[in-house]
Every structure is written in C-alpha cells, then in structure tokens.
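# Examination of the molecular architecture
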Amino acid sequence: MNEIQGQKQSAAFITSKDTLDGVYPGLILSINARRLGMEATVFYTFMGLNVLRKGWVEKAKFQPPGFMGAIPGMAAVATWMMKGKREEANVPTLPDLQE
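Notes on the structure in this doc start here. All values derive from a computational prediction rather than experimental measurement.

### Quick notes on a nonpolar patch on the surface
Among the surface-exposed residues, Phe67, Met68 and Ile71 lie close enough to one another that they form a single nonpolar patch of about 300 Å² accessible area. Tracing the backbone shows isoleucine 71 in the loop between strand E4 (39-44) and helix H2 (74-88).

See below:
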C-alpha cells in the first residue's frame, strides 16, 4: 500500500517559522509518515533555521496571531498555556521530537 510501482512513497515538510506552532506540525507529521513506512524529510527555511541552532528549543515561544500577539506579555502567557495543553495531551517536547 505504501509503494507505487515498487517505489517507496515519500513526504516533505517545510518548517519556515521558529515558533511552537510552526515547528510542531512538521515534526509530528514526519514522524507519523515514517511510522507508515514512508520516507520523510523536514526542510527548514527562513526563520525555521533557528530551530537547528543550539539552545533554541528552550527559548521557543508561541506567538498568537492578529492583535492578540501585539499585547505586551501575551506571547509568554500563550506559551505557558500551549505547553500546559501539550502536557495534558501527552505530546512529546521539541527536544524529544528532534531526536
């Protein structure tokens, strides 16, 4: 089912943001593609390249879209809430996913 005419299916995911909501989708989708027996590649472009920098993972924040992101301190509150939701849903942390 995962092969088309003897070739393995493949998937490529692009990470172009260095925020929590920009990094998680590509990593989670690539891991699930591998579980399905597909080849998976994650490309990091633009601000997404910061993901590869040493020590970045601990500084990753969630930046709310729209006017909510412009309110001072909102990024810190939104990041705290996002990490809490991640723990409740038993989603691995970014360092665990990057391994």
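### Details of the side chain of threonine 15
Along the chain, threonine 15 turns up in strand E3 (residues 10-15). For threonine 15, a relative accessible area of 1% translates into the label buried. Apart from residues no more than four positions distant in its own chain, threonine 15 is found in contact with Gly22, Val23, Gly26, Val42, Phe43, Tyr44, Thr45 and Gly48.

### Remarks on H2
Between the first and last C-alpha of H2 there are 21 Å, a value that for 15 residues agrees with the 21 Å anticipated at 1.5 Å per step. Packed against the buried residues of H2 are helix H1 (20-35).

### Digging into the pattern of salt bridges
What the rule picks out here adds up to four salt bridges. Lysine 8 is the salt-bridge partner of glutamate 39, the closest N and O atoms lying 3.6 Å from each other. With glutamate 39 in strand E4 and lysine 8 in strand E2 (residues 7-8), the pair connects residues that are 31 residues apart, well separated along the chain. Glutamate 39 is the salt-bridge partner of arginine 34, the closest N and O atoms lying 3.8 Å from each other. Connected through salt bridges with shared partners, the residues Lys8, Arg34 and Glu39 form a single ionic network.

Calculation notes
- All residue numbers refer to position in the chain's written sequence, counted from 1.
- Side-chain atom pairs in this predicted model are given and counted only at pLDDT of 80 or more, local residue features only at pLDDT of at least 70, and totals for whole chains, interfaces and linings cover all residues.
- Calculation of side-chain values draws on the structure's entire complement of heavy atoms; hydrogens and water are dropped beforehand.
- Each patch is built from salt-bridge-free residues with over 30% relative accessible area, joining like charges within 9 Å and nonpolar side chains (Val, Leu, Ile, Met, Phe, Trp, Tyr) within 5 Å.
- Shrake-Rupley sampling with a 1.4 Å probe provides the accessible areas, and residues are treated as covered by the protein chains on show and by no other component.
- Here, a salt bridge means any side-chain nitrogen of Lys or Arg that lies within 4 Å of a carboxyl oxygen of Asp or Glu.
- Helical segments are the DSSP runs of H or I of at least four residues, strand segments are the runs of E of at least two, and each set is numbered from the N terminus.
- Per-residue accessibility, obtained with a 1.4 Å probe over protein chains only, is compared with the maximum for each type, and a residue is labelled buried under 20%, exposed over 50%, and partly exposed between these values.
- Here, two residues are considered to be in contact whenever any of their heavy atoms come within 4.5 Å of each other.
- Given the number of residues in a helix, its expected span is that number minus one, multiplied by 1.5 Å.

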